[in-house]
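# Structural overview for review
Each chain, letter by letter, is given below.
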Amino acid sequence: MVNWLKRVLGSEWEIAPAGGLTGDAYLATKGNQRLFLKRNSSPFLAVLSAEGIVPKLIWTKRMENGDVITAQEWLEGRELKPVEMQHLRVADLLRKIHQSSELLHMLMRLGKKPITSDESYAIIKERLQRTNLHHTHGQVDIALQYLEKLLPITRKRKLVVCHGDLNHNNLLLTEEGHLYLIDWDSALIADPVVDYGMILNWYIPQENWNEWLRQYGIATDYHLFGRMHWYLLLDSLHYLCWHKERDEDAKFVDRLNELDVLNNQIGKLM
């Protein structure tokens with residue numbers, strides 16, 4: 001890969017891995033010029049760049065084997081600290097994404113289909129049956145009961161483009177003060193509570209939820225928090241299955257403990 005990139009860019013460019021789980025990201029440097037290169041980014045990157053949500057897309061090139069390389073401007077900056085997720089500018093950026101018709105139309109043109117809560121419930125129920133977790137762990141059975149009880153309030157919601165992996169590592173604050181949301185590999189069309197529920201649950205003290213949600217642009221009610229916990233339960237069950245299927249016992253236990261906490265929260269809510 002490095003040799004191919006050198007052929008494309010020129011031998012005067014220095015190419016180095018840029019980290020990441022996939023190993024498909026690189027930093028290209030020539031003098032004061034720097035580019036962030038990635039293999040097989042989604043075509044969705046172009047409209048994200050045009051909307052100012054990710055750093056500017058410079059060019060796209062297709063490799064001989066059919067893989068696609070994208071080059072974005074490299075910006076000096078850092079990921080947000082967990083405490084900074086409380087900042088209201090995060091709510092502003094998320095509102096911009098969720099309200100963007102351009103993002104929604106592009107993602108649908110790329111073949112992404114909306115995911116309804118009924119479909120998600122059927123998928124996780126079948127997966128839990130396949131792994132037999134609903135018979136061997138009481139927390140899982142309780143969670144499934146809550147999913148079924150709360151399912152009606154999740155229906156008939158406006159579905160939007162969601163990032164799907166909203167943690168502080170994916171928010172880039174540049175030295176110039178621009179905030180970008182990066183790593184869109186998990187993008188989906190779903191209830192926006194999929195995104196801001198993660199932020200509220202992981203980063204925002206409960207006494208500040210109302211203020212953060214007002215900045216985002218919605219009022220709180222029982223149905224909102226019910227939907228939020230429904231999707232948090234769904235996400236927790238998904239990762240529970242993931243770790244079980246891979247025999248990752250320590251992570252599996254961590255997810256069971258997380259499930260206990262969510263079940264207790266929903267019990268109080270109901």
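That block above? That's the structure.
Reference entry: report on the structure contained in this document. Since this is a predicted model, take the numbers as computed values, not measurements. (Residues numbered from 1 in each chain as written. Predicted model: local features only at pLDDT ≥ 70, side-chain atom pairs only at ≥ 80, totals over all residues. Heavy atoms only, no water.)

### A few points about the packing of aromatic side chains
Geometrically, a pair of aromatic rings is defined through the distance of the ring centres and the angle of the planes. In this structure the tally under the stated criterion is seven aromatic pairs. Here the aromatic rings of phenylalanine 44 and tryptophan 184 are separated by 5.9 Å at their centres, their planes lie at 75°, and the arrangement is edge-to-face. Of the two residues, phenylalanine 44 sits in helix H2 (residues 44–50) while tryptophan 184 sits in the loop between strand E9 (179–181) and strand E10 (188–190), which places them 140 residues apart along the sequence. Across this residue pair, the class does not change: phenylalanine 44 and tryptophan 184 are buried. Where tryptophan 230 meets tyrosine 231, the ring centres are 4.9 Å apart and the plane angle is 75°; that geometry is what we call edge-to-face. (Phe/Tyr/Trp six-rings, centres within 6.5 Å; stacked < 30°, edge-to-face > 60°. Helix = DSSP H or I, 4+ residues; strand = E, 2+ residues; numbered from the N terminus. Buried < 20%, exposed > 50% of the residue type's maximum accessible area, 1.4 Å probe, protein only.)

### Here we look at the packing of helix H7 (residues 138–150) against helix H11 (residues 249–269)
The contact between H7 and H11 brings their axes to 10 Å, and the two run at 40°. Regarding the angle of H7 to H11, the classification is oblique. For the pair H7 and H11, the crossing hand works out as left-handed. On H11, the residues touching Gln139, Val140, Ile142, Ala143, Tyr146 and Leu150 of H7 are Leu256, Leu259, Asp260, Asn263, Ile266 and Gly267. Its residues assigned to classes, the contact of H7 with H11 comprises eight nonpolar, three polar and one charged. (Axes fitted to C-alpha atoms, helices over the stretch in contact; angles between N-to-C directions. Parallel < 35°, antiparallel > 145°, perpendicular 65-115°, else oblique. Left-handed = near helix turned anticlockwise from the far one by under 90°. Contact = heavy atoms within 4.5 Å. Nonpolar A, V, L, I, M, F, W, Y, C, P; charged D, E, K, R; others polar.)

### Some words on the side chain of glutamate 84
Along the chain, glutamate 84 turns up in the loop between strand E6 (77–79) and helix H3 (88–98). At 2.7 Å, the side chain of glutamate 84 and the backbone nitrogen of lysine 81 are in polar contact. (Polar contact = N/O pair within 3.5 Å; in protein donor to acceptor, adjacent residues only side chain to side chain.)

### Examining the side chain of asparagine 170
Residue placement: asparagine 170 occurs in the loop between strand E7 (160–162) and strand E8 (171–174). Asparagine 170 gets classed as buried once you look at its relative accessible area, which sits at 7%. Of the polar contacts made by the side chain of asparagine 170, one reaches the backbone oxygen of aspartate 165; its length is 2.9 Å. Contact partners of asparagine 170, with chain neighbours within four places excluded, come to His163, Asp165, Tyr180, Leu181, Ile182 and Asp183.

### A few points about the nonpolar core
Ranked by size, the top nonpolar core spans 68 residues in total, and within it Phe44, Leu171, Trp184, Tyr196, Trp212 and Leu237 carry the most contacts. The residues touching tryptophan 212, leaving out its near neighbours within four places in the chain, are Met85, Gln86, His87, Leu88, Val90, Ala91, Leu94, Tyr196, Ile199, Leu200 and Ile204. Among the nonpolar cores identified, the runner-up in size contains 12 residues, and Leu35, Leu37, Ile69 and Ala71 belong to it. (Core = buried A, V, L, I, M, F, W, Y, C linked by side-chain atoms within 4.5 Å.)

### Concerning H7
For H7, with 13 residues, the first-to-last C-alpha span of 19 Å sits near the 18 Å given by 1.5 Å per residue. Inspection of H7 places Gln139, Val140, Ala143, Leu144, Tyr146, Leu147 and Leu150 among the buried residues, and these make up the whole buried set. The buried residues of H7 occupy one face: seen down the axis, they fall within an arc of 160°. Exposed residues lying more than 90 degrees from the buried face of H7 are Glu148 and Lys149. (Expected span 1.5 Å × (residues − 1). Arc of directions from axis to C-beta.)

### Overview of the pairing of E8
In E8, alternate side chains face the same way, and those of Leu171 and Leu173 on one face and Leu172 and Thr174 on the other are all buried. When E8 meets E9, the two strands line up antiparallel, connected through three bridges. Residue leucine 173 lies in a different strand from E9, and its bridge partner there is leucine 179. Counting the residues that bridge the hairpin from E8 to E9 gives four residues, and of these glycine 177 lies at a positive phi of roughly 95°. (Pairing = 2+ DSSP bridges.)

### Digging into the sheet that holds E6
Taken together, three strands build an open sheet; the order of strands is E6-E8-E9 and the sheet is antiparallel. Strand pairing shows two members of the sheet lacking a second neighbour, E6 and E9, which therefore form its edges. Between one strand and the next, the sheet's axes are offset by a mean angle of 25°, whatever the strand orientation. Examined bridge by bridge, E6 and E8 share three bridges and lie antiparallel to one another. Bridging from a neighbouring strand, glutamate 79 pairs with leucine 172 of E8. Along the sheet, H3 contacts E8 and E9; its crossing angle with E9, the most-contacted strand, is approximately 50°.

### Concerning the environment of leucine 107
Inspection of the secondary structure puts leucine 107 in helix H4 (residues 101–109). Between the alpha carbons of leucine 107 and leucine 181 there is a distance of 16 Å; along the sequence they are 74 residues apart. Those residues in contact with leucine 107 that sit more than four places away from it in its chain are Phe44, Lys112, Val161, Ala187, Leu188 and Ile189.

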